[in-house]
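Inside the fold
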Amino acid sequence: MAMTSLERAEAAEHAMSQELDRIVVKSVIYTSGDRDPRQPLPPQQSQGKLYMMGHDPRLPRMPEKPTLFDFFKYRFGPSAHVLQSARLARKNGVSEKIVLACLLHDISVMGFIRGDHGYWGAQLVEPYVDEEVSWAIRHHQVLRFFADEAYGYKYPDSYIRLFGADYQPEPHIQEAYRRAREHKWYETCRLITVNDLYAFDPNVKVELEEFTDVVGRHFRQPKEGLGFDQSPSAHMWRTMNHPTKYL
Ligand SMILES: [Fe+2]
Ligand SMILES: [Fe+2]
């Protein structure tokens, strides 16, 4: 019987994991939807092999004490969007804290989880930044759906292309927006959306090092390295460092 595309993908994956010294089993969230999570995983021919419990050799190895910039360099996808947003924010004369918020606002999309990325991103950085910065990152995702003429922020054309003209944010998003609107840090968050460049110039190259000073002053880098410092979000950084760890 012919294999379905899912079976082919799983067979390819299986062959790939056979080439590694260790068996890699993807977390449910990576595959849920592509496969029905209720179905048992295909049997692994482990042949005495051990399961992945640390560094995945398919990825660049991170330093022992990884910094925020190490995650940008070794684990995050292309960062032109956040770099250009942070540069624009600086050009627009906002405070350094907001420049940092712009630099970090989409790191969850770049390195962790897309859906609810504002919330995940805020949680990642919360132990290391001012509360105002993580609050703004958490809510930017919601505010992006709501225009504010006072700040010259219109509903993004790109959202119409991406989600359709009739897309309506769900009730919990509407409620989160109403609450954010009343919050003392509304403006900080709104300024992330104002500087959130979605039509950026592919010819402009912004280096991470342009923000070394801002990060140095406003991001409390743990001395043990991100992931190894016992903070409430350390495990999330470890997961990005070792995304295929079995347990
Ligand atoms: Fe975002
Ligand atoms: Fe963004």
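Residues numbered from 1 in each chain as written. Chains lettered and ligands numbered in written order. Predicted model: local features only at pLDDT ≥ 70, side-chain atom pairs only at ≥ 80, totals over all residues. Heavy atoms only, no water.

**Remarks on the overall build of the protein chain**
Within the protein chain one finds 13 helices and 2 strands. Along the first, second and third principal axes, the C-alpha atoms of the protein chain reach 65 × 45 × 35 Å. Counting all 247 residues of the protein chain, 42% fall into the buried class. Counting only contacts in the protein chain whose residues sit at least 6 apart along the sequence, the fraction spanning at least 24 positions is 73%. Accessible surface for the protein chain amounts to roughly 14100 Å². Of this, 54% is attributable to carbon and sulfur atoms. Within the protein chain, one finds 31 positive and 33 negative side-chain charges whose respective centroids are separated by 3 Å. (Helix = DSSP H or I, 4+ residues; strand = E, 2+ residues; numbered from the N terminus. Buried < 20%, exposed > 50% of the residue type's maximum accessible area, 1.4 Å probe, protein only. Contact = heavy atoms within 4.5 Å. Areas by Shrake-Rupley, 256 points an atom, 1.4 Å probe, with all protein chains shown as cover. Lys, Arg positive; Asp, Glu negative; His and termini not counted. Charge placed at Lys NZ, Arg CZ, Asp CG, Glu CD.)

**A few points about the layout of surface pockets**
Vacant regions in the atomic arrangement are exposed by a probe of water-molecule size rolled over the atoms. Each pocket or cavity is described by its volume, and for the largest pocket that value is around 670 Å³. Lining the largest pocket are 25 residues, and of these Val109, Arg114, His117, Tyr159 and Phe163 lie nearest its centre. Sorting the residues of the lining of the largest pocket by element identifies α4 (80-91), α6 (107-111), α8 (131-143), α9 (157-163) and α10 (171-181) as the ones contributing at least two each. Among the elements that take part in the lining of the largest pocket, α9 stands out by supplying 4 residues, more than any other. Here the lining of the largest pocket is built from residues that sort into 12 nonpolar, 7 polar and 6 charged. Space inside the second largest pocket adds up to approximately 460 Å³. Lining the second largest pocket are 19 residues, and of these Tyr30, Phe112, Thr239, Met240 and Pro243 sit closest to its centre. At the level of secondary structure, the elements contributing two or more residues to the lining of the second largest pocket comprise α2 (28-31) and α13 (234-241). The element that contributes the greatest number of residues to the lining of the second largest pocket is α13, accounting for 5 residues. (1 Å grid on protein atoms, 1.4 Å probe; cavity = no way out; pocket = protein on both sides within 12 Å on 5 of 7 lines; lining within 4 Å. Points joined across faces, edges and corners; volume = space filled by probe spheres on them. Nonpolar A, V, L, I, M, F, W, Y, C, P; charged D, E, K, R; others polar.)

**With respect to the coordination of the iron ion (ligand 2)**
Ligation of the iron ion (ligand 2) by protein atoms is provided by His81 (NE2), His105 (NE2), Asp106 (OD) and Asp196 (OD), these donors lying 2.1 to 2.2 Å from the ion. Taken together, the 4 donor atoms coordinating the iron ion (ligand 2) span angles of 82 to 167° at the metal, a pattern that classifies the geometry as irregular. Mapped onto the sequence, the donors of the iron ion (ligand 2) take the spacing H-x23-H-D-x89-D. The two metals, the iron ion (ligand 2) and the iron ion (ligand 1), are separated by 3.7 Å and share aspartate 106 as a common coordinating residue. Of the two residues, histidine 81 sits in helix α4 while aspartate 196 sits in the loop between α11 (186-194) and α12 (212-218), which places them 115 residues apart along the sequence. Assigned by exposure class, histidine 81 and aspartate 196 land together as buried. (Donors = N, O, S within 2.8 Å, 3.2 Å for Na, K, Ca; no water. Tetrahedral: all angles 85-135°; square planar, octahedral: opposite > 155°, others 65-115°.)

**Focus on the packing of aromatic side chains**
Here a ring pair, both rings aromatic, is described through the centre-centre distance and the interplanar angle of the planes. Within the structure shown, the criterion is met by 16 aromatic pairs. Where phenylalanine 71 meets phenylalanine 76, the ring centres are 6.3 Å apart and the plane angle is 40°; that geometry is what we call tilted. Exposure remark for phenylalanine 71: the relative accessible area of 0% places this residue in the buried category. Over the ring of tyrosine 186 we find arginine 181; its NZ or CZ atom is 4.4 Å from the centre of that ring. Over the ring of tryptophan 185 we find lysine 184, and its NZ or CZ is 4.7 Å from the ring centre. (Phe/Tyr/Trp six-rings, centres within 6.5 Å; stacked < 30°, edge-to-face > 60°. Lys NZ or Arg CZ within 6 Å of the ring centre and 35° of its normal.)

**Observations regarding the coordination of the iron ion (ligand 1)**
Six octahedral donors around a metal ideally make angles of 90 or 180 degrees; four tetrahedral donors ideally make 109.5 degrees. Distances from the iron ion (ligand 1) to its protein donors, Asp106 (OD), His117 (NE2) and His140 (NE2), fall within 2.1 to 2.2 Å. Written as a sequence motif, the donor residues of the iron ion (ligand 1) are D-x10-H-x22-H.

**Remarks on α11**
In terms of residue burial, α11 counts as a mostly covered element, since 7 of its 9 residues are buried. Of the positions making up α11, those classed as buried are Tyr186, Thr188, Cys189, Arg190, Leu191, Ile192 and Thr193. Contact partners of the buried residues in α11: α5 (96-104), α8 and α10.

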